[in-house]
Amino acid sequence: MNDGRDLANCPRAQSDAIEATFRKEAAGLTRYFQYRLRGAADPVEFVQEVFARLVNRAHKGVIHNPAAMMTIIARNLLVDHGRRQKLRIDHSLPLEPGVEAAVPPTQDSHVETAQMMDRFRSAVDRLPPRTKDIFLLHHMDELSHKAIALRLEISVRTVEWHMSEALLRLRGMMDE
């Protein structure tokens, strides 16, 4: 659960190490998730969750090897995802031959997904205006941090701060 802390509140050396590791490993981590998820989920969301969890752990103590910790977190996310997928599949009830289910088994997941998307949109709308703008420029317009910095005439570091702030706040709002 997010308690309002962000990367800026980590010790400076650790903050720099986490940011450098994320910049270096994000593309490879995205490919890792793309390969293993095979379209079952958005790999970018998994990468963002890895970063959010890494920042959260940094607040609990020094991380001596951020790249290794990112790998562990990524594997754990995949294991959790696999368990959730298995639970969704295993809970179906067998029917007598010739009897069809009155409601397709995927209807619940569609409703749940729609509700989660509504909660996410509401959470994005509650972000501070500048953070929201930067988050949407990156995720909706698919601009790089550098392109956003140039467009808004701010530093790349400021864009990165707003992005990590958005992720932490969104995670906290989604956990509410």
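Overview of the structure. (Residues numbered from 1 in each chain as written. Predicted model: local features only at pLDDT ≥ 70, side-chain atom pairs only at ≥ 80, totals over all residues. Heavy atoms only, no water.)

## Details of the pattern of salt bridges
Then comes step 1: On inspection of all chains with the given rule, the structure shows six salt bridges.
Then comes step 2: Across the pair Asp125 and Lys132 runs a salt bridge whose closest N-O atoms are separated by 3.3 Å.
Then comes step 3: Exposure remark for Lys132: the relative accessible area of 22% places this residue in the partly exposed category.
Then comes step 4: Here Glu165 ties to Arg169 by a salt bridge, and the two come within 2.6 Å at their closest N and O atoms. With Glu165 and Arg169 both in helix H7 (residues 156-175) and four residues apart, the pair spans about one turn of that helix.
Then comes step 5: Assessed through its relative accessible area of 37%, Arg169 is described here as partly exposed.
Then comes step 6: Among the charged side chains, a salt-bridge network with shared partners connects Glu49, Arg53 and Arg171. (Salt bridge = Lys/Arg side-chain N within 4 Å of Asp/Glu carboxyl O. Buried < 20%, exposed > 50% of the residue type's maximum accessible area, 1.4 Å probe, protein only. Helix = DSSP H or I, 4+ residues; strand = E, 2+ residues; numbered from the N terminus.)

## Some points on the packing of aromatic side chains
Then comes step 1: Summed over the entire model, instances satisfying the criterion amount to four aromatic pairs.
Then comes step 2: Look at Phe22 and Phe51: their rings are 4.4 Å apart centre to centre, the planes differ by 40°, and that puts the pair in the tilted class. Taken as a pair, Phe22 in helix H1 (residues 12-37) and Phe51 in helix H2 (residues 43-60) lie far apart in primary sequence, 29 residues in all.
Then comes step 3: For Phe22, a relative accessible area of 19% corresponds to the buried category.
Then comes step 4: The buried category is assigned to Phe51, whose relative accessible area is 7%.
Then comes step 5: Here the aromatic rings of Tyr32 and Phe33 are separated by 5.5 Å at their centres, their planes lie at 70°, and the arrangement is edge-to-face. (Phe/Tyr/Trp six-rings, centres within 6.5 Å; stacked < 30°, edge-to-face > 60°.)

## Description of unusual backbone geometry
Then comes step 1: At Glu142, a position not held by glycine, the phi torsion is positive, near 55°.
Then comes step 2: Relative to the assigned elements, Glu142 resides in the loop between helix H5 (129-139) and helix H6 (145-152).
Then comes step 3: Within the chain, Glu153 stands out as a residue other than glycine whose phi angle is a positive 55°.
Then comes step 4: Note that Glu153 resides in the loop between H6 and H7.

## Describing the packing of H2 against H7
Then comes step 1: Interaxial distance between H2 and H7 falls to 10 Å at its minimum, and their mutual angle equals 90°. One finds that H2 runs roughly perpendicular with respect to H7. Here H2 contributes Gln48, Glu49, Phe51, Ala52, Arg53, Val55 and Asn56 to the contact with H7, which in turn contributes Ser164, Leu167, Leu168 and Arg171. (Axes fitted to C-alpha atoms, helices over the stretch in contact; angles between N-to-C directions. Parallel < 35°, antiparallel > 145°, perpendicular 65-115°, else oblique. Contact = heavy atoms within 4.5 Å.)

## Regarding the nonpolar core
Then comes step 1: The biggest cluster of nonpolar side chains holds 35 residues, and the ones touching the most others in it are Leu29, Phe33, Val50, Leu127, Phe135 and Leu170.
Then comes step 2: Of all the secondary-structure elements, those providing two or more residues to this core are H1, H2, helix H3 (66-90), helix H4 (107-125), H5, H6 and H7.
Then comes step 3: Not counting residues within four places of it along the chain, the set of residues in contact with Leu29 comprises Val47, Val50, Met70 and Ala74. (Core = buried A, V, L, I, M, F, W, Y, C linked by side-chain atoms within 4.5 Å.)

## Quick word on the packing of H5 against H6
Then comes step 1: Look at H5 against H6: their axes get within 10 Å of each other, and the N-to-C directions meet at 130°. In terms of orientation, H5 and H6 fall into the oblique class. H5 and H6 meet at a crossing whose hand is right-handed. Counting all contacts with H5, which are made through Arg130, Ile134, Leu137 and His138, the residues of H6 involved are His145, Ile148, Arg151 and Leu152. (Left-handed = near helix turned anticlockwise from the far one by under 90°.)

## A closer look at the side chain of Gln48
Then comes step 1: By the element assignment, Gln48 lies in helix H2.
Then comes step 2: Relative accessible area serves as the criterion here: at 16%, Gln48 is assigned to the buried category.
Then comes step 3: Among residues more than four places away in sequence, those in contact with Gln48 are His139 and Leu167.

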